[in-house]
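Single-letter residue listing:
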Amino acid sequence: MNVEASSPILLFDSGVGGLTVYDALRKVLPQAAVIYAADLAGLPYGTKTEAQIAARVAGLLGRMSERFRPRLACIACNTASTIALGMVRDVLEIPVVGTVPAIKPAAALTRTGTIGLVGTDATIRQAYVDDLEAKFAKGKRLLRIAAPGLVEAAEAKLRGGTVDPALIAEVQGGLAAMPGGSGIDTLVLACTHFPLLGQELAAAFGPEVALVDGAQGIARRIAQLTEGQDFARGSTNRFVVTGPIAGAAGLEAALAARGFGPAEGF
Ligand code: DGL
């Protein structure tokens, strides 16, 4: 594909979780122009139905793709990817990279054979996750837990808020209480928001539990798909939000530190 050097990569999430993918992408493609789109008007996705998520994500990505003309789009959200990746690929004419729970690397890493997986309510019930488990974690035990409170906590943390330790303890305790749960040595962070709480999760689960997420793998995949293309980013990357721009209030420092200009409305 012949693409302009300034043509952006579009990263999409319901909120700030996809910034964990952005951070990894920036390390491998520092010169790439990025437009980060946060669907704050639709946040959270994890408590919505499959139909609501699919319609919203496919519709928004279609419109965003027309407006921003990206060379590639990345759905930096496990919930949206496990539900709508196929649909979005049908709608867009550019490569679309999804974010799916890192069960494969976790299965390669576990020594006890017991893996925990923390995601949104919508993600953990997807057949997509059942398929990943059947394909990559055969003979292992995969224990899933939903943690909708952590999405909110990650949004608040990036805006300077403190994280309620009870929320983290609830996830750790919930997994430990499941049959075989005390054997967990690997935890899949199956929501892009959760690596933002990496420190808190690592402290609660202890040093014997490895935390695994997909951000680096996604960044590598994007680099692979754009290999040989020219990149020239402007002075800042763009951060756009659905709904009122005030929804991004408090994110100024986190955005500036990552090389984004002030939030814009979509
Ligand atoms: N960041 C999203 C994910 O990876 C979803 C958070 C939400 O909107 O519930 O699943």
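Residues numbered from 1 in each chain as written. Predicted model: local features only at pLDDT ≥ 70, side-chain atom pairs only at ≥ 80, totals over all residues. Heavy atoms only, no water.

(A) Layout of the sheet that holds strand S3 (residues 72–75). Ordered by their spatial adjacency, 6 strands build an open sheet running S4-S3-S1-S2-S9-S10, and the pairing between neighbours is parallel. The open sheet has two free edges, formed respectively by strand S4 (96–97) and strand S10 (264–265), since each of these has just one partner strand. The sheet contact formed by strand S9 (residues 238–241) and S10 spans 2 bridges and is parallel. The residue of S10 that forms the bridge with Val-240 is Glu-264. (Pairing = 2+ DSSP bridges. Helix = DSSP H or I, 4+ residues; strand = E, 2+ residues; numbered from the N terminus.)

(B) Representation of the sheet that holds strand S8 (residues 210–212). Taken in spatial order, the 4 strands of this open sheet run S6-S5-S7-S8, and their pairing is parallel. Looking at the sheet topology across the chains shown, the edges are occupied by strand S6 (141–146) and S8. When strand polarity is set aside, the average angle formed by the axes of neighbouring strands in this sheet is 25°. Here strand S7 (residues 186–189) pairs with S8 via 3 bridges, running parallel. Residue pairing in the sheet places Val-188 in a bridge with Val-212 of S8. Packed on one face of the sheet, helix H8 (residues 165–176) meets strand S5 (114–119), S6 and S7 and runs near 145° to S6. (Axes fitted to C-alpha atoms, helices over the stretch in contact; angles between N-to-C directions. Contact = heavy atoms within 4.5 Å.)

(C) Spatial organisation of the environment of Val-151. Considering the arrangement of structural elements, one finds Val-151 in helix H7 (residues 148–158). Sequence separation of Val-151 and Phe-194 is 43 residues, and the distance between their C-alpha atoms is 7.1 Å. Those residues in contact with Val-151, other than ones at most four positions away along the chain, are Leu-43, Thr-120, Cys-191, His-193 and Phe-194.

(D) Structural context of helix H10 (residues 215–225). Within the sequence span of H10, burial applies to Ala-215, Ile-218, Ala-219 and Ile-222. For H10, the angular spread of the buried residues around the axis is 100°, confining them to a single face. Away from its buried face, by an angle of more than 90 degrees, H10 presents the exposed residues Gln-216 and Arg-220. For H10, the secondary structure elements touched by its buried residues are strand S1 (9–13), helix H1 (19–28), S3 and S4. (Buried < 20%, exposed > 50% of the residue type's maximum accessible area, 1.4 Å probe, protein only. Arc of directions from axis to C-beta.)

(E) Molecular detail of the site of the ligand. Within the structure, the ligand sits among 14 residues, and Ser-14, Tyr-45, Asn-78, Thr-79 and His-193 are positioned closest to it. Gly-46 is positioned such that a nitrogen or oxygen atom in its backbone is 2.8 Å from an oxygen atom of the ligand. At a separation of 2.6 Å, an oxygen atom of the ligand approaches a polar side-chain atom of Thr-79. Compared with its free state, where it exposes 300 Å², the ligand has 99% of that area covered by protein. A breakdown of the residues in the shell around the ligand according to their chemical character gives 6 nonpolar, 7 polar and 1 charged. (Near = heavy atom within 4 Å. Polar contact = N/O pair within 3.5 Å; in protein donor to acceptor, adjacent residues only side chain to side chain. Areas by Shrake-Rupley, 256 points an atom, 1.4 Å probe, with all protein chains shown as cover. Nonpolar A, V, L, I, M, F, W, Y, C, P; charged D, E, K, R; others polar.)

(F) Quick peek at helix H3 (residues 78–91). An ideal rise of 1.5 Å per residue puts 20 Å on 14 residues; H3 measures up with 19 Å between its terminal C-alpha atoms. Along H3, the sharpest kink reaches roughly 70°, centred on Ala-84. In this fold, the buried residues of H3 make contact with helix H2 (50–68), S3, S4, helix H5 (121–124) and helix H6 (127–136). (Expected span 1.5 Å × (residues − 1). Bend = angle between axes of the 7 residues up to and from the residue.)

Function cannot be read off these values alone, since they describe shape.
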